[in-house]
Amino acid sequence: MSTSGEQITMEDGVLHIPDTPIIPYIEGDGVGADIWAAARPVFDAAVKTAYNGERAIEWTEVLAGEKANEHTGELLPEETVDTIREHRVAIKGPLTTPVGAGFRSLNVALRQKLDLYANVRPTYYIDGVPSPMKDPGQMDMVAFRENTEDVYAGIEWKAGTEGAEKVRRFVEEEMGFDETIHDGPVGIGIKPITEFGTKRLVREAIDYALESDGHQFVTLVHKGNIMKFTEGAFRDWGYEVAREEYGDEVITEDTLWEERDGDPPEDAVVVNDRIADNMLQQIQTRTDQYDVLAMPNLNGDYLSDACGAQIGGLGVAPGANFGTAACLAEPVHGSANKYAGQDKVNPSALILSGRLMFEYMGWDEASDAILDALETTIAQKRVTYDFERNLEGAELLTCSEFGQAVVENMG
Ligand code: NAP
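In this text the structure is predicted, and so the values were computed from the model without any measurement.

Novice: Help me understand the overall build of the chain, please; the structure alone is not making it clear to me.
Specialist: In terms of helices and strands, the chain carries 14 helices and 17 strands. Rg of the C-alpha trace for the chain: 22 Å, near the compact-globule value of 22 Å for 411 residues, within the 12% margin. On the principal axes, the C-alpha backbone points of the chain span a range of 65 × 60 × 50 Å. Per-residue burial over the chain gives 52% buried out of 411 residues. Summarising the internal contacts of the chain: among those between residues at least 6 apart in sequence, 72% fall at separations of at least 24. Working note: accessible area of the chain is about 19000 Å², and carbon and sulfur atoms make up 47% of it. Each charge class in the chain was averaged separately, 34 positive and 74 negative side chains, and the resulting centres sit 5 Å apart.

Novice: In this structure, what is going on with the site of the ligand? I would like to understand it.
Specialist: Neighbouring the ligand are 22 residues, the closest being T97, G334, A336, Y339 and Y385. The contact in question runs from a nitrogen atom of the ligand to an N or O atom on the backbone of N346, over 2.9 Å. Coverage of the ligand by the protein chains reaches 71% of its 880 Å² of free accessible surface. When residues of the shell around the ligand are traced back to their parent elements, those giving at least two are helix 4 (106-113) and helix 13 (385-388). Looking at side-chain class alone, the shell around the ligand contains eight nonpolar, eight polar and six charged residues.

Novice: Before we go on, may I ask you to explain the sheet that holds strand 11 (residues 250-252) in this structure?
Specialist: The pairing of strands in a sheet happens through backbone hydrogen bonds and is either parallel or antiparallel. If you trace the 11 strands from one edge of the open sheet to the other, you get 4-3-5-15-14-6-7-13-10-12-11, paired in mixed fashion. Two strands bound the open sheet, and with one partner strand each, they are strand 4 (58-61) and strand 11. The sheet shows a mean angle of 25 degrees between the axes of neighbouring strands, taken without regard to direction. Taken together, the three bridges between strand 6 (residues 118-124) and strand 14 (residues 320-323) define a ladder with antiparallel strand orientation. When the bridges of strand 14 are listed, V120 appears paired with A320. Strands strand 3 (22-26), strand 5 (89-92), strand 7 (140-146), strand 14 and strand 15 (326-329) of the sheet are contacted by helix 4, whose axis makes an angle of about 175 degrees with strand 5. Sheet contacts for helix 11 (residues 348-361): strand 3, strand 4, strand 5, strand 6, strand 14 and strand 15; angle to strand 5, the most-contacted strand, approximately 175 degrees.

Novice: Sorry, what's going on with the layout of surface pockets here?
Specialist: The gaps of empty space that remain are located by a probe, the size of a water molecule, rolled over the atoms. In this structure, the largest pocket encloses a volume near 1100 Å³. Together, 39 residues line the largest pocket, and T97, P98, S105, V108 and Y152 are the ones closest to its centre. Elements represented by at least two residues in the lining of the largest pocket include exactly helix 4, strand 8 (155-157), strand 9 (188-190) and helix 10 (297-310). In terms of residue count, the dominant contributor to the lining of the largest pocket is helix 10 (five residues). Lining of the second largest pocket is provided by 29 residues; of these, V120, F144, Y208, F322 and E359 occupy positions nearest its centre. Of all the secondary structure elements, the ones that give two or more residues to the lining of the second largest pocket are strand 6, strand 7, helix 6 (195-211), strand 14 and helix 11.

Novice: How do you make sense of helix 1 (residues 32-51) when you look at a structure like this?
Specialist: The periodicity of an α-helix, 3.6 residues per turn, causes residues three or four places apart in sequence to face the same way. The terminal C-alpha atoms of helix 1 lie 28 Å apart, and with 20 residues this matches the ideal 28 Å at 1.5 Å per residue to within 8%. All of the buried residues along helix 1 are G32, D34, I35, W36, A38, A39, V42, F43, A45, A46, V47 and Y51. Packed against the buried residues of helix 1 are strand 3, strand 4, strand 5, helix 11, helix 12 (364-379) and helix 14 (399-408).

Novice: Any chance you could explain the pairing of strand 7 here in plain terms?
Specialist: Note on strand geometry: in a regular strand, side chains alternate between the two faces of the sheet. Most of strand 7 sits out of view: six of its seven residues are buried. Here strand 6 pairs with strand 7 via seven bridges, running antiparallel. The residue bridging V120 from the neighbouring strand is F144, located in strand 7. The pairing of strand 7 with strand 13 (residues 292-295) spans four bridges and is parallel. For V142, the partnering residue across the bridge sits in strand 13 and is V292.

What counts as what
- Residues numbered from 1 in each chain as written.
- Predicted model: local features only at pLDDT ≥ 70, side-chain atom pairs only at ≥ 80, totals over all residues.
- Heavy atoms only, no water.
- Helix = DSSP H or I, 4+ residues; strand = E, 2+ residues; numbered from the N terminus.
- Rg over C-alpha atoms; globule rule 2.2 N^0.38 Å.
- Buried < 20%, exposed > 50% of the residue type's maximum accessible area, 1.4 Å probe, protein only.
- Contact = heavy atoms within 4.5 Å.
- Areas by Shrake-Rupley, 256 points an atom, 1.4 Å probe, with all protein chains shown as cover.
- Lys, Arg positive; Asp, Glu negative; His and termini not counted.
- Charge placed at Lys NZ, Arg CZ, Asp CG, Glu CD.
- Near = heavy atom within 4 Å.
- Polar contact = N/O pair within 3.5 Å; in protein donor to acceptor, adjacent residues only side chain to side chain.
- Nonpolar A, V, L, I, M, F, W, Y, C, P; charged D, E, K, R; others polar.
- Pairing = 2+ DSSP bridges.
- Axes fitted to C-alpha atoms, helices over the stretch in contact; angles between N-to-C directions.
- 1 Å grid on protein atoms, 1.4 Å probe; cavity = no way out; pocket = protein on both sides within 12 Å on 5 of 7 lines; lining within 4 Å.
- Points joined across faces, edges and corners; volume = space filled by probe spheres on them.
- Expected span 1.5 Å × (residues − 1).

Have a look at this one:
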């Protein structure tokens with residue numbers, strides 16, 4: 001633990017950021033060590049450039065995932081959770097989650113234990129990045145994904161277990177759904193979506209739209225036509241927040257068409273809703289009509305990866321988890337284990353996640369310095385494998401070389 005840095009604190013509900021804040025980081029599994037080694041010098045150079053050396057970050061490593069298991073015998077030591085909670089602002093690489101067996105997700109555990117209820121994933125285009133879209137610059141959406149419930153709070157019973165059979169009997173005999181489940185082994189899951197979880201997430205999305213320039217529409221993305229009492233309720237509670245808590249600042253799509261013939265007032269946010277499957281096509285066919293997406297957990301996961309594909313892929317898709325006076329920045333992508341240790345993948349997603357962290361701290365100049373240098377590097381066509389394969393005349397860089405190039409272009 002550091003001796004020269006100072007802890008970020010909160011006084012009267014306001015974050016106090018010292019000039020040398022201690023910021024915990026989790027390197028992450030798989031490609032985590034590669035991208036962290038490339039991104040950290042970028043963060044340090046950005047702060048140095050933006051504040052002429054008067055500010056600096058005191059990084060402190062906290063362990064999670066495979067590295068934690070090796071050192072402590074635990075995948076997510078309590079000390080890691082406590083340190084992040086105490087320091088309020090942190091950044092992490094990806095953590096592997098086994099499929100079909102083994103432990104439940106460490107990412108989910110971290111977000112739930114720290115009550116980081118909003119997973120925010122902005123998707124914006126950087127000039128020169130190769131994209132499958134004709135006009136990728138139209139993509140400028142910010143996903144607000146509920147981060148503590150839906151499938152993240154999902155309760156599941158494995159096929160063939162006493163638990164699964166007990167739930168089947170309860171559903172069939174006590175709840176009266178006796179023709180619903182086929183005979184034979186069945187895996188059963190329950191996904192809770194609450195009014196509390198929905199409303200606090202939708203409030204964040206609306207507040208963001210009200211404060212930001214150029215993000216006027218908030219779209220509730222749900223599958224309420226089929227899952228009426230979970231996803232449908234998410235939509236209804238979302239509209240309730242819009243109607244009951246914001247007065248004239250927020251109108252719904254119905255009002256927009258009934259009273260204004262589709263012409264939105266300049267100073268108001270418009271809340272609408274779309275069914276998730278339709279939304280997956282709308283983001284491609286009507287990209288410029290969507291700004292902020294508020295979604296239950298699973299829809300948010302699918303939609304944000306699909307948005308990311310339009311602006312160059314997961315290598316450049318940033319994110320951060322927010323709670324009450326807390327921020328844990330992390331890229332959208334996972335641990336991409338097949339590339340682990342090869343110094344190959346694109347560190348941009350982690351670098352851009354750092355921008356979200358700096359903006360949360362009010363260090364906008366450092367955030368801007370990062371974006372400027374990243375844009376310059378991409379304009380120079382000095383890129384990692386994911387961009388190089390689709391970019392004529394590009395120079396292929398390793399992960400660490402790319403980070404170094406961004407540092408060279410700083411300031
Ligand atoms: P993934 O790790 O995100 O990788 C999927 C593909 O995305 C990669 O094969 C690669 O595509 C591309 N990609 C990912 N990161 C990239 C980068 N930095 N630069 C360039 N391309 C990148 O997804 P996954 O393979 O499905 O998941 C692996 C593990 O990560 C799983 O255990 C999963 O549970 C976990 N995961 C963790 C998080 C998290 O920690 N927040 C998030 C998602 C998944 P190409 O090979 O086509 O180039």
